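Chain by chain, the residues run as shown.
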Amino acid sequence: MSVTRTEVSLDDDVLVTRARSGDLEAYDLLVARHTASAYRTAVLLGAGSDSEDVIQEAFVKAYRKLSRYRGDSSFRSWLLAIVANETRNLHRSRGRRDGLVLRAAAANPTSEIAEDAAVGAVLAGERRAALVRALRQLPVRDREVIVCRFFLDLSEEETVAALGWPRGTVKSRTSRALAKLRGLLDREEVRHG
């Protein structure tokens, strides 16, 4: 049992070094440590019911690319950047798929397109539901920066690393995205009284 306690207390850098040398248990510990934040990231960026698939693919890619991890940012930030990229890939493939569905629906007007309610199931409460609705209306890049900074509570530095944007872009986009989000929430509040 003392071996397990020692391994759990190891920091990510030590685990990454061990995983690079082929220690699968070290990588398993990294996966266990970061699964929850990876899942939250995927859900909040819009992966919905595909979130588990997104994070599984992200962890596989992260393992394959461990040699490219330079340690300039935290392992968590690096991993969340991969999750964000996988979620973007999902959105692109959904866009293609949704185009096919819309064309099929136009050909068959009786079919219905179900809205993804996975985020609503994860986030409880009327205020959170309103926030999520407003967040979904934001452009993808605005949504990404809001999710990183405020939902995942990443620092500005970690957000820069996770999104791969310059610091100035993160600052300005955060400011503009918050203003847009406030406006959407104000309209929602007026609409629902």
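Conventions and cut-offs
- Residues numbered from 1 in each chain as written.
- Predicted model: local features only at pLDDT ≥ 70, side-chain atom pairs only at ≥ 80, totals over all residues.
- Heavy atoms only, no water.
- Helix = DSSP H or I, 4+ residues; strand = E, 2+ residues; numbered from the N terminus.
- Buried < 20%, exposed > 50% of the residue type's maximum accessible area, 1.4 Å probe, protein only.
- Areas by Shrake-Rupley, 256 points an atom, 1.4 Å probe, with all protein chains shown as cover.
- Contact = heavy atoms within 4.5 Å.
- pLDDT = per-residue confidence, 0-100.
- Axes fitted to C-alpha atoms, helices over the stretch in contact; angles between N-to-C directions.
- Parallel < 35°, antiparallel > 145°, perpendicular 65-115°, else oblique.
- Left-handed = near helix turned anticlockwise from the far one by under 90°.
- Nonpolar A, V, L, I, M, F, W, Y, C, P; charged D, E, K, R; others polar.

A. Expanded view of the overall build of the chain. On a plain count of helices and strands, the chain comes out with 10 helices and zero strands. Ordered by position from the N terminus, the helices and strands of the chain form the series α-α-α-α-α-α-α-α-α-α. Across the 193 residues that make up the chain, the buried fraction comes to 37%. Accessible surface computed for the chain: about 11,500 Å², of which carbon and sulfur atoms make up 53%.

B. Region of the structure containing the environment of Ala-161. Within the secondary structure layout, Ala-161 lies in helix α9 (residues 156-163). Taking relative accessible area as the criterion, Ala-161 reaches 27% and is therefore assigned partly exposed. A sequence separation of 88 residues divides Ala-161 from Ser-73, and the C-alpha atoms of the two residues are 6.2 Å apart. When residues no more than four places from it in sequence are discounted, the contact partners of Ala-161 are Ser-73, Ser-77 and Ala-81.

C. Structural detail: the confidence of the model for the chain. Taken over all residues, the pLDDT of the chain has a mean of 80, while the share at 70 or more is 76%. Segment residues 1-8: pLDDT under 50, and six contacts once partners within four positions in sequence are set aside and those in other chains are kept. Counting interchain partners and residues more than four positions distant, the pLDDT-below-50 stretch residues 100-124 has 20 contacts.

D. Region of interest: the packing of helix α3 (residues 24-44) against helix α4 (residues 51-64). Following both chains from N to C, one finds α3 and α4 inclined at 140°, their axes separated by 9 Å at the closest point. Classified by the angle between their axes, α3 and α4 sit oblique to one another. Note that α3 runs across α4; the crossing there is right-handed. Within the contact between the two elements, α3 uses Leu-24, Tyr-27, Val-31, His-34, Thr-35, Ala-38, Tyr-39, Ala-42 and Val-43 and α4 uses Ser-51, Glu-52, Val-54, Ile-55, Phe-59, Ala-62 and Tyr-63. When the residues that make up the contact of α3 with α4 are grouped by side-chain class, the tally is 12 nonpolar, three polar and one charged.

E. Seen up close, the packing of helix α2 (residues 12-20) against α3. Following both chains from N to C, one finds α2 and α3 inclined at 140°, their axes separated by 8 Å at the closest point. In terms of orientation, α2 lies oblique with respect to α3. Crossing handedness for the pair α2 and α3: left-handed. On the side of α2, the interface is formed by Asp-12, Leu-15, Val-16, Arg-18 and Ala-19, while α3 contributes Ala-26, Tyr-27, Leu-29, Leu-30, Arg-33 and His-34. Its residues assigned to classes, the contact of α2 with α3 comprises seven nonpolar, one polar and three charged.

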